Amino acid sequence: MRKMRILSVLMVVLFMLSSLSVAAYNLDDYLPYDGEVGSAVVKNSTPTVDGSVSASEGYSAPVTLNYKNMPTYWSASSRCIINADVYFAWDDNGLYVGANITDPTLLLSTGDDNVVDSENEEYGFNGDVFVFAIDPLKACYDIGMTSTGERTAWYCMSIGENDEFMCYSTNHIGASGDITKQVNGAAKKTGETSWSVECMIPWSMICDDTDAVTYGDVRLDEEDLAKAGVYSKCGVIYMDRAIANEETLIFSTQEHEEGDIFTIARAISVPLVHEDGMDRNTGGESLRSYGIKLMTADSAGVAPEFPEEGTPTFDPEENSDPEETKETKETMGKTDEEDEEDDIPEETEKREKGDTATTLDNNGGGISVGLIIAIVAGVVVIAAVVVVVIVVLKKKKK
């Protein structure tokens, strides 16, 4: 009899724990994407790039990214489960980006990006990747790059064994490749489920990459960016990778072979409402979705107010050479036409479709985490009821 009572208590405890698990992971039911991405007043300072990131070393107050403001796009459609505090600073050399990241399925990179659902190796490495993208002066948006698929250079940062920092550049027009030695970066594993990354991206690199993705329509000098009062928009993409096993597959909406590396989610910092009035559910990884607002300040943190949404901040006529721009566009246009012939139509179509769907839409195509745990909880409840019934019947017999 005593054993039955103990068993009953254990079943009740299991039920309570299962309920807590549902509360933790079944986010779709009561935690919508209702958080704004945020902004940062970026101080003029020179942080020490060592992988330890905090506001005390001259960085801005953090912009916090999590499931509330990081919808997920493309085929990797599970809910965002990471939390990242992102910091910024600037000096004459470049823009400093730092992040403290909590990731329940932290996966270190061991090689190039050969993950099945990233065939074009866009993210550089096969582990978790923190991607930073910036539209300096909001210039790219202001010249009309507002369509889905138009984007600036991506700076893809990852961590390997022994706190190895890695950085890969992809700008979708110019050459992509490893730029670890061209930036000043550091990474550090700060716990079993946490890591930090820190990188100084030279202004010259940002200027050159912006020139490339706009076919010369945006010509910036370092002096245009390395000063107080510069307004820019940026975005963060987090490629959340894991090794498929019983613990990690509960986060996936798709089937994967055990032991394979797969992408849990591609979470993107998207504003609640775009400048053109469209809501968060559109835009995906395009630069129109760069929702983090940056304003450079002086060393004391003094900066002008952020401009009103929709206000142009860049005049292309002052920053381009019409003749040279025409020649560059013609040359790059021919190159793009040749490259398009080599593209994989199926992959391109998949990405285009994925850019218009969030997790809330995609979860209908697979079993959500909440549903799996809810089923388990239901089984536990039924078992608990059966035990209680058995105990009551035995009491009646006696």
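The following paragraphs examine the structure supplied in this document. (Residues numbered from 1 in each chain as written. Predicted model: local features only at pLDDT ≥ 70, side-chain atom pairs only at ≥ 80, totals over all residues. Heavy atoms only, no water.)

What follows deals with helix H3 (residues 203-213). When H3 is considered as a whole, its buried residues turn out to be Trp203, Met205, Ile206, Cys207, Asp209, Thr210 and Val213. Within two residues after H3, Tyr215 carries a phi angle of roughly 55°, on the positive side. (Buried < 20%, exposed > 50% of the residue type's maximum accessible area, 1.4 Å probe, protein only. Helix = DSSP H or I, 4+ residues; strand = E, 2+ residues; numbered from the N terminus.)

Next up on the list: the sheet that holds strand E5 (residues 94-102). The strand order across the open sheet built from 5 strands is E2-E4-E5-E11-E10, with neighbouring strands paired in antiparallel fashion. Both edges of this open sheet fall to strand E2 (63-65) and strand E10 (184-191), since each of them pairs with a single strand only. The average undirected angle you get between the axes of adjacent strands in this sheet is 15°. Sheet analysis places E10 next to strand E11 (residues 194-202), joined by 7 bridges and oriented antiparallel. By the bridge assignment, Asn184 is partnered in E11 with Met200. (Pairing = 2+ DSSP bridges. Axes fitted to C-alpha atoms, helices over the stretch in contact; angles between N-to-C directions.)

Take the nonpolar core next. Membership of the largest hydrophobic core comes to 52 residues, with the highest contact counts inside it found for Phe88, Phe130, Phe132, Tyr155, Met157 and Ile292. Setting aside its immediate chain neighbours within four residues, Tyr155 contacts Phe130, Val131, Phe132, Cys167, Tyr168, Ser169, Ile179, Ile201, Met205, Ile206 and Asp209. Counting residues in hydrophobic clusters, the runner-up holds 19 residues, among them Ala133, Tyr141, Met145 and Leu287. (Core = buried A, V, L, I, M, F, W, Y, C linked by side-chain atoms within 4.5 Å. Contact = heavy atoms within 4.5 Å.)

Glancing now at the pairing of strand E7 (residues 154-159). Sheet faces and side chains relate simply in a regular strand, where the side chains alternate between the two faces. In terms of burial, E7 is a largely internal element, 6 of the 6 residues being buried. Side-chain alternation along E7 places Trp154, Cys156 and Ser158 on one buried face and Tyr155, Met157 and Ile159 on a second face that is also buried. Pairing geometry for strand E6 (residues 129-135) and E7, over 5 bridges, is antiparallel. Residue pairing in the sheet places Phe130 in a bridge with Met157 of E7. Looking at chain direction, E7 and strand E8 (residues 165-170) are connected through 6 bridges and run antiparallel. Pairing of Cys156 across the sheet is with Tyr168, part of E8. Once E7 ends, the chain turns through 5 residues before running back antiparallel as E8, passing Asn162 with a positive phi of about 55°.

The next point concerns the packing of aromatic side chains. Across all of its chains, the model carries 5 aromatic pairs by this definition. Both rings, one in Phe88 and one in Phe132, keep their centres 6.1 Å apart while their planes meet at 50°; by these two values the pair is tilted. One end of the pair, Phe88, is in strand E4 (residues 83-90); the other, Phe132, is in strand E6, with 44 residues separating them in the sequence. Using a relative accessible area of 0% as the deciding quantity, one classes Phe88 as buried. (Phe/Tyr/Trp six-rings, centres within 6.5 Å; stacked < 30°, edge-to-face > 60°.)

Between side chains of opposite charge, a pair can form when the charged atoms approach closely. Evaluation of the coordinates by the stated rule reveals 11 salt bridges. In this structure, Glu309 engages Lys233 in a salt bridge whose closest nitrogen and oxygen atoms are separated by 2.9 Å. Here the residue Glu309 occupies a position in the loop between strand E14 (292-296) and helix H5 (322-342), and Lys233 occupies one in strand E12 (residues 231-243), the gap between them amounting to 76 residues. Residue classification places Glu309 among the partly exposed residues on the basis of a relative accessible area of 40%. Each of Lys138, Asp142, Lys233, Glu275, Lys293 and Glu309 takes part in salt bridges that share partners, so that together they form one network. (Salt bridge = Lys/Arg side-chain N within 4 Å of Asp/Glu carboxyl O.)

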